[in-house]
Amino acid sequence: MPSPTNLSLVDTSHGSLAVEDNGSPGTPVVLIHGNSSCRKVFQRQFDAPFAQCRRLVAIDLPGHGDSSDASEPERTYTRSGLADALTELFEMVRIEEAIIVGWSLGGHVGIDLLSRVARIKGLMIVGTPPVRNGGMAEGFNASPQYGFAGRTDLSDEDISDFANAMLGEPVPAFLPQAIRRTDGQFRQILFKGAHAGVGLDQRLAVEQTAVPIAVVNGAADPLVNLNYLDGVAYGNLWDGRCHRLPDVGHAPFWHKSAQFNAVLDRFLSDFA
């Protein structure tokens, strides 16, 4: 049976953040979604058997899902601004140590958190190339769908194509709704900062950290350069290799949830 969850809104200086917590014991496993998505993408992890004995916490980023839009968009809607928002949230809800699972943008936020939260026990990144400042072209494949991630306004057709590239077919009904709900300023400001090289050098961060990092991707990811990810000299690469789950794209935790959850459960078991 799925674990019951509690949804709360926590007021921070970056806005009100929606936090879903299953209340299980142990170190919090914080799940961070991607650009223009929401916490619902992790439903199949909340429904997994390991959720009975693992505390899962999923957050809607500012400008997404049930969280409010940022009151100061230029301050909040960057990778470092999002990491600051979550650092503040952790302090307010007394998350003193955590294991981070970040998908796409969520993985980039997780990498930024390495330098902000002293007691991150482990980090799993999914669909997240840790690129140097100004080096986005190295880690991502050029595609029409990728362009949607930085645009303020999206048509219904754009939203459909973006959702398909993000999650793959079949697309659950909540994802187009989440894309429509997302503050359009978020995408514009996020990509403006990323292309300008604002913030942490993420490749250097993962190469220098002692925190165990698990790298898990779909082998058919249309957005990410998987060979780039394989070539990063991670400071502490869990399992000694990057994992590729076959026959799935950018969101293996959704369309290949059983295989993904088996890897995640094994990763979490290292921090029992």
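The structure contained in this document is the topic of the report that follows. (Residues numbered from 1 in each chain as written. Predicted model: local features only at pLDDT ≥ 70, side-chain atom pairs only at ≥ 80, totals over all residues. Heavy atoms only, no water.)

Turning our attention to helix α3 (residues 79-92). Here α3 contains 14 residues, and its C-alpha end-to-end distance of 20 Å stays within 8% of the 20 Å for a straight helix at 1.5 Å per residue. Counting buried positions over the 14 residues of α3 gives 10, a clear majority of the element. Three or more residues of α3 are buried, namely Arg79, Gly81, Leu82, Ala83, Ala85, Leu86, Thr87, Glu88, Leu89 and Phe90. One or two positions beyond α3, positive phi appears at Arg94, with a value near 60°. (Helix = DSSP H or I, 4+ residues; strand = E, 2+ residues; numbered from the N terminus. Expected span 1.5 Å × (residues − 1). Buried < 20%, exposed > 50% of the residue type's maximum accessible area, 1.4 Å probe, protein only.)

In this structure, Leu113 and Met124 are the most contacted members of the largest nonpolar core, which totals 91 residues. Sequence-distant contacts of Leu113, that is, excluding residues within four places in its chain, are made with Ile32, Ala83, Leu86, Thr87, Phe90, Ile100 and Ile120. (Core = buried A, V, L, I, M, F, W, Y, C linked by side-chain atoms within 4.5 Å. Contact = heavy atoms within 4.5 Å.)

As summarised here, the arrangement of the 8 strands in space is β1-β2-β4-β3-β5-β6-β7-β8, forming an open sheet in which the pairing is mixed. The strands lining the two open edges of the sheet, one partner per strand, are β1 (6-12) and β8 (243-245). Recorded for the sheet is a direction-independent mean angle of 20° between the axes of neighbouring strands. Here β1 runs beside strand β2 (residues 15-21); their pairing, made up of 7 bridges, is antiparallel. Residue pairing for β2: Ser8 is matched across the bridge by Val19. Each of β3 (29-32), β5 (98-103) and β6 (120-126) is contacted by helix α4 (residues 105-113), which is oriented at about 145° to β5, the strand it contacts most. (Pairing = 2+ DSSP bridges. Axes fitted to C-alpha atoms, helices over the stretch in contact; angles between N-to-C directions.)

Moving on: the side chain of Thr76. With respect to the secondary-structure elements, Thr76 resides in helix α2 (residues 73-76). Among the residues examined, Thr76 registers a relative accessible area of 1% and is labelled buried. Those residues in contact with Thr76, other than ones at most four positions away along the chain, are His14, Pro62, Ala70, Gly81 and Leu82.

α4 packs onto α3 with a crossing angle of 65° between their chain directions and a minimal axis gap of 9 Å. Compared by their axis directions, α3 and α4 come out roughly perpendicular. In this structure, α3 meets α4 at a crossing whose hand is right-handed. Residue-level contacts link Arg79, Ser80, Leu82, Ala83, Leu86, Thr87 and Phe90 of α3 to Leu105, His108, Val109, Asp112 and Leu113 of α4. Classifying every residue of the contact of α3 with α4 gives 7 nonpolar, 3 polar and 2 charged. (Parallel < 35°, antiparallel > 145°, perpendicular 65-115°, else oblique. Left-handed = near helix turned anticlockwise from the far one by under 90°. Nonpolar A, V, L, I, M, F, W, Y, C, P; charged D, E, K, R; others polar.)

We now examine the pattern of salt bridges. Here the structure, examined in full by the defined rule, presents 17 salt bridges. Here Arg39 makes a salt bridge to Asp66, at a shortest N to O gap of 3.0 Å. Pair noted here: Arg39 is in the loop between β3 and α1 (43-46) and Asp66 is in the loop between β4 (56-59) and α2, with a separation of 27 residues, a long-range link. Accessibility expressed as a relative area gives 8% for Arg39, which makes it buried. We note a salt bridge from Arg119 to Glu97, for which the minimum N-O separation is 2.8 Å. Of this pair, Arg119 sits in the loop between α4 and β6 while Glu97 sits in the loop between α3 and β5, and the two are 22 residues apart along the sequence. Taken together, the shared-partner salt bridges connect Glu20, Arg39, Asp60 and Asp66 into one network. (Salt bridge = Lys/Arg side-chain N within 4 Å of Asp/Glu carboxyl O.)

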